[in-house]
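Read off the chains here:
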Amino acid sequence: MPILAIDTATMVSSAAVATHDRLLSEVTMQLKKPQSEVLMDHIIDALTIAQTGKNDLTAIAVNIGPGSFTGLRIGMAAAKMMAYALKIPIVGIDAGTILAYHFPVENVYSAVFIDAQKENVYFAVYNWQNRQLVTVKPMTVMKLEAALEICRKMDYPVIALGDIAQKKQSLFAERANIHLAPPYLIMPRAANVAFAGLAKLDRNLPDNIMTMEPLYIRRSEAEVLWEKRQKDCNK
């Protein structure tokens, strides 16, 4: 039975419908349009193309981040709303896992570079062993140069993924041992959310719809500024 997957963690808006053995449909757009304006249309289009009704869905999968704070909240709200209304399981997949699903081969590292603002990146490294995804370096926030240096010293070739790899292609191209993913694989897509979600559900690991939250890792700029103002007011 089909699963609906949603990805709004970056400027990519993507929705997909899949079963265990087939991608039934996917609608993916990378344009500078607010996720709130396009996501529901993409969900409707993905369901229509897949000839799947909402009541045929057996679960909802969503990218939980890290990524754009606003985008994550929009995707999470839509996923929770549908899962609650349809009374079906929901499963959250982190952005690093989603990107690493592009290259399910051994002896290669998938390095994820997601914009964390102020010359920082959300950085993680993965590889595949015996058809299982293994986290080599858990997702953390660090300076881009430090992350690139880690990749340079790795013992296998590194494939760079994520919006920072896309935005700063010339910088990555200059580094030994680092290879940019092609344009059609460098960004997250809902198809990967779907298959990672199905794998997680097969392990009987659905999320709690009431407690599932975006994986922010760092606080938003608004929270930091608010805390600073409070401290200044208390002086």
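Our structure's up above, just so we're on the same page.
Only a predicted model underlies this, so the values are computations on that prediction, with no experimental measurement involved.

Q: Summarise the overall build of the chain; cite the residues concerned and give the values.
A: The helix and strand tally for the chain stands at eight helices and ten strands. Since a compact globule built from 235 residues should have a radius of gyration of about 18 Å, the 18 Å found for the chain is in line with a globular shape. A burial count over the chain gives 49% of its 235 residues as buried. Within the chain, contacts between residues separated by at least 24 positions form 65% of all contacts whose residues are at least 6 apart in sequence. Accessible area for the chain stands at about 12,000 Å²; split by element, carbon and sulfur atoms hold 53% of it. A distance of 5 Å separates the average location of the 25 positive side-chain charges in the chain from that of its 23 negative side-chain charges.

Q: Got a sec to walk through the sheet that holds strand S5 (residues 90-94)? Specific residues and values, please.
A: Strand pairing in a sheet is mediated by backbone hydrogen bonds. Such pairs are either parallel or antiparallel. Taken in spatial order, the five strands make up an open sheet running S3-S2-S1-S4-S5, and their pairing is mixed. This sheet does not close on itself; its edge strands, each paired only once, are strand S3 (22-30) and S5. When strand polarity is set aside, the average angle formed by the axes of neighbouring strands in this sheet is 15°. The pairing of strand S2 (residues 12-19) with S3 spans eight bridges and is antiparallel. Bridge pairing in S3 places Thr19 opposite Arg22.

Q: Describe the packing of helix H1 (residues 35-49) against helix H2 (residues 69-86), and please don't skip the residues or the numbers.
A: Helices that pack against each other are described as a pair by the angle of their axes relative to one another and the distance between those axes. Where H1 meets H2, the closest approach of the two axes is 10 Å, and the angle between their N-to-C directions is 35°. Note on packing geometry: the crossing formed by H1 with H2 is right-handed. Between H1 and H2, the contacting residues are Gln35, Ser36, Leu39, Met40 and Ile43 on the first element and Gly71, Ile74, Gly75, Ala78 and Met82 on the second.

The rules behind these values
- Residues numbered from 1 in each chain as written.
- Predicted model: local features only at pLDDT ≥ 70, side-chain atom pairs only at ≥ 80, totals over all residues.
- Heavy atoms only, no water.
- Helix = DSSP H or I, 4+ residues; strand = E, 2+ residues; numbered from the N terminus.
- Rg over C-alpha atoms; globule rule 2.2 N^0.38 Å.
- Buried < 20%, exposed > 50% of the residue type's maximum accessible area, 1.4 Å probe, protein only.
- Contact = heavy atoms within 4.5 Å.
- Areas by Shrake-Rupley, 256 points an atom, 1.4 Å probe, with all protein chains shown as cover.
- Lys, Arg positive; Asp, Glu negative; His and termini not counted.
- Charge placed at Lys NZ, Arg CZ, Asp CG, Glu CD.
- Pairing = 2+ DSSP bridges.
- Axes fitted to C-alpha atoms, helices over the stretch in contact; angles between N-to-C directions.
- Left-handed = near helix turned anticlockwise from the far one by under 90°.

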